[in-house]
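Descriptive structure summary
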Amino acid sequence: MNSKKKGLLSLDVDLLNGSILKSLVIFAIPLLISNIFQQLYNTVDTMIVGHCLGDASLAAIGACTSIYDLLVGFALGIGNGLTIVTARSFGSKDETLLKKSVASSIVIGIAVSLIITVLGSIILYPLLEVLKTPKEIIQEAYSYISMITLFIIVMFAYNLCAGLMRAIGNSVMPLIFLVVSSCLNIILDLLFITQWNMGVKGAAIATVFSQAFSVVLCIFYIIKKSQILLPSRKHFILDKELYKELLGQGFSMGFMSCIVSAGSVILQYGINGLGYLTIAGHTAARKLYMFFNMPFVAMALAISTFVSQNRGAKQYQRIREAMHIAYLYDIILAIGVSIVLLVFSKDLIQFISGSNEQIVLDNGSLYLIIVGPFYAILGILMQTRYALQGLGKKILPLISSVIEFVGKIIFVLVFIPQFHYMAVIFCEPVIWCVMVIQLVYSFYTNEYIKK
């Protein structure tokens, strides 16, 4: 597959040859920066809402975050699963299959996004009520989540375009487009909330509009510079075996995200019963948790593409070596993150939330300090899960998600009523430890890894 001939640029990283550490780092750095800027969408919303609208509005966004993750995570999970097949085709140098996988991914993505949009419009408000969202914030929460859910297709489109570019080794251009749209998001947040007094709904509109702009940039770039990703009409012809593979891989990751998010919805049920100040503190802490999780997510995404391409090229020893490097990366990075959180957690909570309430600051800070060391476990968990998906495994990653889902139910029913917020803090770290055992065992007993 001739890169220059097909319009690929030197921005593409060769994951099939040369130094594994160098390839992973070069590929992961733009992913890390992309993840940071993507997190800015919600973090900036949180900061501006917290500082300009107060604790109640901040809690409103926090109360619906898990529902948003449930609906959107399913669509995005499918998108990530679809691009794994594209990366595998690229690794095996099968250009026809690559273009057919892109065409099929577009069809599947549009259909799934539309279904989720319709479903979300029906169940959102009743779900907020079921989750015992406090009456003083439920209307604000609904105005935020309903606007974002209405435009899930925009978020799916960006993640599919970015995922397709990453599948052929280009992690730089999605970053550039995301930086531009993130800056636009900040400007629109300030305009809609502080100048036009649109409240939390204005934050949602700013997020949607900014991501739509990044979609336009991605599509324009692919048309001009990455034409290998452009299918023609013939590539849209139904291929039952390909659709079966794409749907299997896509829905495996989609259901995995859905199950994980459903567990978060259940956990939110337990948190909502602790009062809106606790919700506000936890919301700020979770934003910071997601921010510090970005380097681990970036490596997991890099591993996914690396494993997919090298599986297509049948380079299994290279996959094993990459996983050892990734695990060492997790441990070293978790130590650094833990130190930062131990020293600065309370200041960071105050900065994000804009609150001076002691309950908000203490609960948020305690969450970050305790969770910090467990980033090592979470990193190993994510990278092993994504590696299994890159190998084409559909059921094994789902099992880990079921473990997480059941674990959160147990914590909500048994431990949170007794130990309150302390149980919320330890819920996920304890579950991660169980999940990582299952995933690492599944990976190293896989037939490809044992070759």
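Residues numbered from 1 in each chain as written. Predicted model: local features only at pLDDT ≥ 70, side-chain atom pairs only at ≥ 80, totals over all residues. Heavy atoms only, no water.

**Re the overall build of the chain**
- For the chain, the count of helices and strands is 14 helices and 0 strands.
- Element order for the chain, N to C, with α for helix and β for strand: α-α-α-α-α-α-α-α-α-α-α-α-α-α.
- What you see for the chain is a C-alpha radius of gyration of 21 Å, in line with the 22 Å of a compact globule of 451 residues.
- In terms of its C-alpha atoms, the chain occupies a principal-axis envelope of roughly 60 × 45 × 35 Å.
- Within the chain, the proportion of its 451 residues that are buried is 58%.
- Of the roughly 17700 Å² that the chain leaves accessible, carbon and sulfur atoms contribute 70%.
- Of the side-chain charges in the chain, 31 are positive and 22 negative, and the distance between the mean point of each set is 14 Å. (Helix = DSSP H or I, 4+ residues; strand = E, 2+ residues; numbered from the N terminus. Rg over C-alpha atoms; globule rule 2.2 N^0.38 Å. Buried < 20%, exposed > 50% of the residue type's maximum accessible area, 1.4 Å probe, protein only. Areas by Shrake-Rupley, 256 points an atom, 1.4 Å probe, with all protein chains shown as cover. Lys, Arg positive; Asp, Glu negative; His and termini not counted. Charge placed at Lys NZ, Arg CZ, Asp CG, Glu CD.)

**Focus: the packing of helix α10 (residues 316-353) against helix α14 (residues 421-444)**
- Put simply, α10 and α14 touch, their axes get as near as 12 Å, and they point 155° apart. Classed by the angle they form, the pair α10 and α14 counts as roughly antiparallel. Once α10 is placed against α14, the crossing between them reads as left-handed. Between α10 and α14, the contacting residues are Ile319, Met323, His324 and Tyr327 on the first element and Val440, Phe443 and Tyr444 on the second.
- Partitioning the contact of α10 with α14 into residue classes produces 6 nonpolar, 1 polar and no charged. (Axes fitted to C-alpha atoms, helices over the stretch in contact; angles between N-to-C directions. Parallel < 35°, antiparallel > 145°, perpendicular 65-115°, else oblique. Left-handed = near helix turned anticlockwise from the far one by under 90°. Contact = heavy atoms within 4.5 Å. Nonpolar A, V, L, I, M, F, W, Y, C, P; charged D, E, K, R; others polar.)

**Some remarks on the state of the cysteines**
- Considering all chains together, one arrives at 0 disulfides under this definition.
- With no disulfide of its own, Cys183 has Cys218 as its nearest cysteine by sulfur position, at a separation of 15 Å.
- Cys183 gets classed as partly exposed once you look at its relative accessible area, which sits at 39%.
- Cys433 provides the cysteine sulfur closest to Cys427, a residue in no disulfide bond, and the two sulfurs are 12 Å apart.
- Overall, the relative accessible area of 0% leaves Cys427 in the buried class. (Disulfide = S-S within 2.5 Å.)

**Re the nonpolar core**
- Ranked by internal contacts, the top residues of the largest apolar core, which has 103 residues, are Ile303 and Tyr375.
- Looking at this core element by element, the count peaks at 19 residues for helix α9 (residues 276-312).
- Setting aside anything within four residues of it in sequence, one finds Tyr375 in contact with Leu288, Tyr289, Phe292, Asn293, Phe296, Ala334, Val337 and Leu341. (Core = buried A, V, L, I, M, F, W, Y, C linked by side-chain atoms within 4.5 Å.)

**Some words on the confidence of the model for the chain**
- Mean pLDDT over the chain stands at 83; residues scoring 70 or higher make up 93%.
- Across the chain, the secondary-structure element scoring lowest on mean pLDDT is helix α2 (residues 55-91), at 75, and the one scoring highest is helix α12 (residues 375-390), at 92.
- Here residues 2-10 is a poorly scored stretch, pLDDT under 50, and it has 14 contacts once near neighbours within four places are set aside; other chains count. (pLDDT = per-residue confidence, 0-100.)

**Some points on a nonpolar patch on the surface**
- A surface patch of nonpolar side chains, amounting to about 910 Å² of accessible area, comprises Leu366, Val402, Val406, Ile410, Leu413, Val414, Phe415, Phe419, Met422, Phe426 and Val430.
- Of all the secondary structure elements, the ones that give two or more residues to the nonpolar patch are α13 (395-419) and α14.
- Of all the elements, α13 adds the most residues to the nonpolar patch, at 7 residues.
- For Val430, the location among the structural elements is in helix α14.
- Residue classification places Val430 among the partly exposed residues on the basis of a relative accessible area of 41%. (Patch = residues over 30% accessible without salt bridge, like charges linked within 9 Å, V, L, I, M, F, W, Y side chains within 5 Å. Salt bridge = Lys/Arg side-chain N within 4 Å of Asp/Glu carboxyl O.)

**Some remarks on the pattern of salt bridges**
- A complete count under the given rule lists 6 salt bridges for this structure.
- Between Glu428 and Arg286 there is a salt bridge; the shortest N-O distance is 2.5 Å. Note that Glu428 is positioned in helix α14 and Arg286 in helix α9, a separation of 142 residues in sequence.
- With a closest N to O distance of 3.1 Å, Glu404 and Lys408 form a salt bridge. Of the two residues, Glu404 and Lys408 are both situated in helix α13; the distance of 4 residues between them amounts to about one turn of the helix.
- If you follow the salt bridges from partner to partner, you end up with Arg286, Glu404, Lys408 and Glu428 in one network.

**Comments concerning the side chain of Ser308**
- Position of Ser308 relative to the elements: it lies in helix α9.
- Residue Ser308 is classed as buried on the basis of its relative accessible area, which comes to 1%.
- In this view, Ser308 contacts Ile84, Ala87, Arg88 and Gly390; residues no more than four positions away in its chain are not counted.

**Quick notes on the packing of helix α3 (residues 95-130) against helix α4 (residues 138-150)**
- The contact between α3 and α4 brings their axes to 10 Å, and the two run at 165°. It follows that α3 is roughly antiparallel to α4 by the angle criterion. Viewed along their axes, α3 and α4 form a crossing whose handedness is right-handed. Of the residues in α4, those in contact with Ile116, Thr117, Gly120, Leu124, Tyr125, Leu128 and Glu129 of α3 are Ile138, Gln139, Ala141, Tyr142, Ile145, Ser146, Thr149 and Leu150.
- Its residues assigned to classes, the contact of α3 with α4 comprises 9 nonpolar, 5 polar and 1 charged.

**What about helix α6 (residues 172-195)?**
- With 24 residues, α6 should reach 34 Å at 1.5 Å per residue; the first-to-last C-alpha distance of 34 Å fits that figure.
- Among the residues trailing α6, Asn197 stands out with phi positive, at a value near 55°. (Expected span 1.5 Å × (residues − 1).)

**Observations regarding the environment of Gly275**
- Mapping Gly275 onto the fold places it in the loop between α8 (240-272) and α9.
- By relative accessible area, Gly275 is classed as partly exposed at 28%.
- Sequence separation between Gly275 and Glu129 is 146 residues, and the spatial gap between their C-alpha atoms is 15 Å.

**Details of the environment of Ser143**
- Position of Ser143 relative to the elements: it lies in helix α4.
- Once residues within four sequence positions are removed from consideration, Ser143 is found in contact with Val200 and Lys201.
- Among the polar contacts made by the side chain of Ser143, one reaches the main-chain carbonyl oxygen of Glu140 at a distance of 2.8 Å. (Polar contact = N/O pair within 3.5 Å; in protein donor to acceptor, adjacent residues only side chain to side chain.)

**Here's the deal with α10**
- In this model α10 runs just 46 Å from its N-terminal to its C-terminal C-alpha over 38 residues, more than 12% under the 56 Å that 1.5 Å per residue would give.
- A bend of about 70° at Phe344 is the largest found in α10.
- Positive backbone phi, approximately 70°, marks Gly354, located one or two places after α10. (Bend = angle between axes of the 7 residues up to and from the residue.)

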